[in-house]
Amino acid sequence: MTRAIALDGLSGAGKSTIAKALANTLGINYLDTGAMYRALAYAAKQEKISLDEEDLVASWLDHSGLELVLARTGQKTLLHGVDVSTQIRSPEMSRLSSAISALPSVRHYCVEMQRQLADQQMPLVLDGRDIGSYVLPRADFKFYLEATAAERARRRWQQMQDGSQGAAAQSYDQVLAEIIKRDLNDSSRELAPAIAAPDAIVIDTTELSAAEVLQRILQLMRVRAAENPALGDFWRQYLVLDPVCGAEDKG
Ligand code: DC
């Protein structure tokens, strides 16, 4: 058993909002795995490393300076000690991170780092594309968030208007076109594509607010932990389960 919560889904499905809120509610740390691919894409661009030359990329990875500082409310993504958390949110980095994440050497590098962090920082919430299906197949809880492409684009576009993504202005149509392209890249790549693990609980968030998704996930976790002693013994302290009756709040 891996004491982790895997939160997967395509771009704009609400993973990072929910992952942060979930980690904060449970009082545990959160790892945004997409930020690792974004930071590597950013570093590769800065250092003029061509993504077409995989051998070069593979030998460069150990020198990329990628480092993560985890916290309940998000993480700091560092390159050679410099915080690049804001710079990696641009539409260009969305495109480049999707491209770099398809390279096998990059995936091996990031997945290895993710497994080490999950081991060291147990229990952990991880958001990504392949956490439940590939990175941590024995994660205690697995959720896969879905929403229509139109709704995911609307959310991304809204985030841009709010300035929370640090991105240059893009029209809604541009955001939608990029989401559709990234969906295709991320779900059709050969190695560890974005996919719901067979034992993941799929939640369609199209019609739900973030607060509703969070409540649904917490409720599902409580029920599963109450039914399964191996889970309940460990997660009781985080989920506030009654030791005798199981889930305290079933409402
Ligand atoms: O979640 P995000 O939009 O920040 O992720 C950026 C890119 O990184 C995404 O297009 C695909 C890739 N990614 C991945 O391949 N595997 C993950 N676990 C997380 C992200």
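Residues numbered from 1 in each chain as written. Predicted model: local features only at pLDDT ≥ 70, side-chain atom pairs only at ≥ 80, totals over all residues. Heavy atoms only, no water.

Peer 1: I would appreciate a short explanation of the nonpolar core in the present structure.
Peer 2: Generally speaking, nonpolar side chains in soluble globular proteins are found buried as a group. Core analysis: the biggest nonpolar cluster contains 38 residues, and L31, L40, W60, L66, V106 and L136 have the highest contact counts within it. Per element, the largest residue contribution to this core is 9 residues, and it comes from helix 2 (residues 33–46). Excluding anything up to four places from it in sequence, L66 contacts M36, A39, L40, T77, L78, L79, Y109 and M113. (Core = buried A, V, L, I, M, F, W, Y, C linked by side-chain atoms within 4.5 Å. Buried < 20%, exposed > 50% of the residue type's maximum accessible area, 1.4 Å probe, protein only. Helix = DSSP H or I, 4+ residues; strand = E, 2+ residues; numbered from the N terminus. Contact = heavy atoms within 4.5 Å.)

Peer 1: Would you mind showing me how to read the site of the ligand here?
Peer 2: Taken together, 15 residues surround the ligand, and among them R38, R107, R182, D186 and R189 come closest. Between the ligand and R129, the relevant distance is 2.9 Å, taken from an oxygen atom to a side-chain nitrogen or oxygen of the residue. In this structure the site holding the ligand corresponds to the largest pocket. Counting residues per element, the ones that place at least two in the shell around the ligand are helix 2, helix 4 (91–100) and helix 8 (172–188). If you tally residues by element for the shell around the ligand, the top one is helix 2, at 4 residues. The class makeup of the residues in the shell around the ligand is 1 nonpolar, 6 polar and 8 charged. (Near = heavy atom within 4 Å. Polar contact = N/O pair within 3.5 Å; in protein donor to acceptor, adjacent residues only side chain to side chain. 1 Å grid on protein atoms, 1.4 Å probe; cavity = no way out; pocket = protein on both sides within 12 Å on 5 of 7 lines; lining within 4 Å. Sits in = over half its atoms within 2 Å of the grid points. Nonpolar A, V, L, I, M, F, W, Y, C, P; charged D, E, K, R; others polar.)

Peer 1: What am I meant to see in empty space enclosed by the protein here?
Peer 2: Unoccupied space between atoms shows up once a probe the size of one water molecule is rolled over them. Taken as a whole and assessed by the stated rule, the structure comprises 2 cavities of 30 Å³ or more. Counted as a void, the second largest cavity has a volume near 40 Å³. Lining the second largest cavity, in full, are A6, D8, G132, S133, K142, F143, Y144, I195, A196, A197 and A200. Those elements that provide at least two residues to the lining of the second largest cavity are strand 1 (2–9), helix 6 (131–135) and strand 7 (139–146). Among the elements that line the lining of the second largest cavity, the one with the most residues is strand 7, at 3 residues. (Points joined across faces, edges and corners; volume = space filled by probe spheres on them.)

Peer 1: How should the packing of helix 2 against helix 4 be read in this particular structure?
Peer 2: For any two helices packed against each other, one specifies the inter-axial angle together with the distance between the axes. In the contact formed by helix 2 and helix 4, the axes pass within 8 Å of each other and the chain directions differ by 100 degrees. With respect to their mutual orientation, helix 2 and helix 4 come out roughly perpendicular. For the pair formed by helix 2 and helix 4, the contact residues are Y37, R38, L40, A41, Y42, A44 and K45 on the first element and E92, M93, S94, L96, S97 and I100 on the second. Tallied by class, residues from the contact of helix 2 with helix 4 come to 8 nonpolar, 2 polar and 3 charged. (Axes fitted to C-alpha atoms, helices over the stretch in contact; angles between N-to-C directions. Parallel < 35°, antiparallel > 145°, perpendicular 65-115°, else oblique.)

Honestly, it's all geometry; don't read function into it.
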